[in-house]
Amino acid sequence: MRTRADALAYRIHAQQLDRPSAPRELTDAATFDIGVQDTGRDGASWALANRGVPVRSSEELEGSDAVALAWTLRGSPHYYRRPELFDAFVATSPMSEADAMKRVLSADKVLKVAGVPAAAGLAEIAAKMRTVVTRPMVKGEVSTRLTTALDEAYLKYCVPCGAMHAPEQAFRLAALYAGLELEPGTSPPVLRRIKSWPRRTPGPAADPLSAPAHLQPIRNYLRFLGPARPADVAGFLETSVAEVKAHWPEDAVPVRVAGAERWWLGGTEPDLDAGLVRLLGGFDLLLQGRDRDLLVPDKSRHKALWPVIGRPGAVLVGAEVVGLWRPKAAGRRFTLRLELWRKVRARAREALEQQAELLAGHRGLTLSAIDEG
C-alpha cells in the first residue's frame, strides 16, 4: 500500500461497501464490530443496505431482536449485535481516568470543581440512572428525575433548557454503564433496561482491553479506516493522542501513504471496481475518518460535506467522493437532489439512478426525479 487510492480502496473493501446484496443474516456486516451509527433518517439501516445486507427499511432494523441500540462512542447511537452488547460496553469504556475526563467533554469542568474523578462521576450518574429507569422512559423524564436524584456537584446549568441537569455527554455515556439501551425508532429517545444485563455495580468497565479484540475501538479504527495516525484515532474516540499511543496495537504496521507515515493492521489490497456507486448517508463510517483531507483532498469542499448542522449525504463513485446529495419528499414521491463536483461516466450515471431508486424504496417512497443543481 503506497498511494491515497490504495488506502481508500482498502477502506471501502474493509467496510464491505463493495459487497453486493445477497440473502444473509441481518447482522452479517463487519461494521457491527465498531458499531453502526444511527444518526439521521434511516442512518444505520441504509448504511447496512449499502454493505450488502438486505434490510428493506429502517423499521425492519428497529424491529429486529438480533440488534441493540445504545449510546457509545462520542455519545452517538450505535447498533451492535445483541449478544455482543455487554462486550461492546466493555470495549467502549474509558481506558483510564485521563481518557474518561476527555470523553465527558464539558462535564470535565463540573467534575473538576467538585473534586470528583471522571470515571467515578460517570459511575455515580449511572447508578442513579439505574434506579430512575425502572420502565421504558423518554429521555426528558429520565433527565428530570435524575436531576432530583443527583447531588448538585454532578449538575450543570443548561442554557437552552434553562435548568440544571446532568451534562449531556456524561448522561449519554452513563446510560449504557447503567445497563440501559435505546428503544429504536423513538424520537425523543426512550431508554429502557437491557434484559439479562449482568448484575454489576453501574459504571464504566474496569478493563476495556479485556473485551474481544474484534470489538476494540482502536483496532477497529485501523481495521476500517486505516492506514491511520494516532491523532486520527484520538479524534474519532474524542480522547488524547497520548491515550491512544499508550494503547496502540503491537501488531500495527507502519506504512507511508500520500507522503505521511500511517499504520494499519494489514489485510487485502483490493482491485476496486471503478463503476462502484454508493449514496452514503451523512454519518456513514467511510465519512467518519478524521483524515478528511485524504478522503477529499480539496479542502474547499469540506465545509459543505461536513457542516456543523444538517449534513448532506456523499456520492461515492469508485474510490472517490464526487459530490453531495440531499433528499426531498412530497407525499409518496421522492426526489434526489444532487450536487456533483465533476462529470460521471454513463455507467456510473446508470448506477446512480439505481441507487436513487433503492434509497426511495428503502424509505417506502417512489423515485420521481433526480434533480441536479
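This text follows the structure it describes.
Thresholds, definitions, all that
Residues numbered from 1 in each chain as written. Predicted model: local features only at pLDDT ≥ 70, side-chain atom pairs only at ≥ 80, totals over all residues. Heavy atoms only, no water. Helix = DSSP H or I, 4+ residues; strand = E, 2+ residues; numbered from the N terminus. Rg over C-alpha atoms; globule rule 2.2 N^0.38 Å. Buried < 20%, exposed > 50% of the residue type's maximum accessible area, 1.4 Å probe, protein only. Contact = heavy atoms within 4.5 Å. Areas by Shrake-Rupley, 256 points an atom, 1.4 Å probe, with all protein chains shown as cover. Lys, Arg positive; Asp, Glu negative; His and termini not counted. Charge placed at Lys NZ, Arg CZ, Asp CG, Glu CD. Arc of directions from axis to C-beta. Axes fitted to C-alpha atoms, helices over the stretch in contact; angles between N-to-C directions. Parallel < 35°, antiparallel > 145°, perpendicular 65-115°, else oblique. Left-handed = near helix turned anticlockwise from the far one by under 90°. Nonpolar A, V, L, I, M, F, W, Y, C, P; charged D, E, K, R; others polar. Pairing = 2+ DSSP bridges.

A. View of the overall build of the protein chain. On a plain count of helices and strands, the protein chain comes out with 15 helices and 15 strands. Relative to the globule expectation of 21 Å for 373 residues, the C-alpha radius of gyration of the protein chain, 21 Å, shows essentially globular dimensions. A total of 373 residues make up the protein chain; the buried ones form 54% of that total. Within the protein chain, residue pairs in contact and separated by at least 24 positions form 64% of the contacts whose partners lie at least 6 positions apart. For the protein chain, the exposed area adds up to about 16,600 Å²; of that, 52% sits on carbon and sulfur atoms. Positive and negative side-chain charges in the protein chain, numbering 51 and 44 respectively, have mean positions lying 4 Å apart.

B. A look at the environment of Asp-232. Relative to the assigned elements, Asp-232 resides in helix H11 (residues 230-237). Excluding residues that lie within four positions of it along the chain, Asp-232 makes contacts with Tyr-221, Arg-262, Arg-290 and Asp-291.

C. Spotlight on helix H8 (residues 139-149). Taken residue by residue, H8 has Lys-139, Val-142, Ser-143, Leu-146 and Thr-147 as its buried positions. With its buried residues spanning 135° around the axis, H8 presents them on a single face. For H8, the exposed residues lying more than 90 degrees away from the buried face are Thr-144 and Thr-148. Summarising the contacts, the buried residues of H8 are in contact with strand E2 (67-71), helix H7 (118-132), strand E4 (137-138), strand E6 (163-165), helix H9 (168-177) and strand E8 (190-193).

D. Summary view of the packing of H7 against H8. Running from N to C, H7 and H8 point in directions that differ by 120°, and their axes come no closer than 9 Å. Taken together, the axis directions place H7 and H8 in an arrangement best described as oblique. Read as a crossing pair, H7 and H8 show a hand that is right-handed. Here H7 contributes Ile-125, Lys-128, Met-129 and Val-132 to the contact with H8, which in turn contributes Val-142, Arg-145, Leu-146 and Ala-149. Across the contact of H7 with H8, the residue classes tally to 6 nonpolar, no polar and 2 charged.

E. Structural detail: the sheet that holds strand E14 (residues 333-340). Within the open sheet, the 5 strands sit side by side as E11-E12-E13-E14-E15. Their pairing is mixed. Looking at which strands have only one partner, the edges of the open sheet turn out to be strand E11 (277-280) and strand E15 (366-372). Strand-to-strand twist across the sheet, computed as the mean angle between neighbouring axes with direction ignored, equals 30°. Note: strand E13 (residues 320-330) against E14, 8 bridges, orientation antiparallel. Bridge pairing in E14 links Gly-323 to Leu-340. Across the sheet, helix H15 (residues 346-362) is in contact with E11, strand E12 (313-317), E13, E14 and E15; its angle to E11 comes to roughly 40°.

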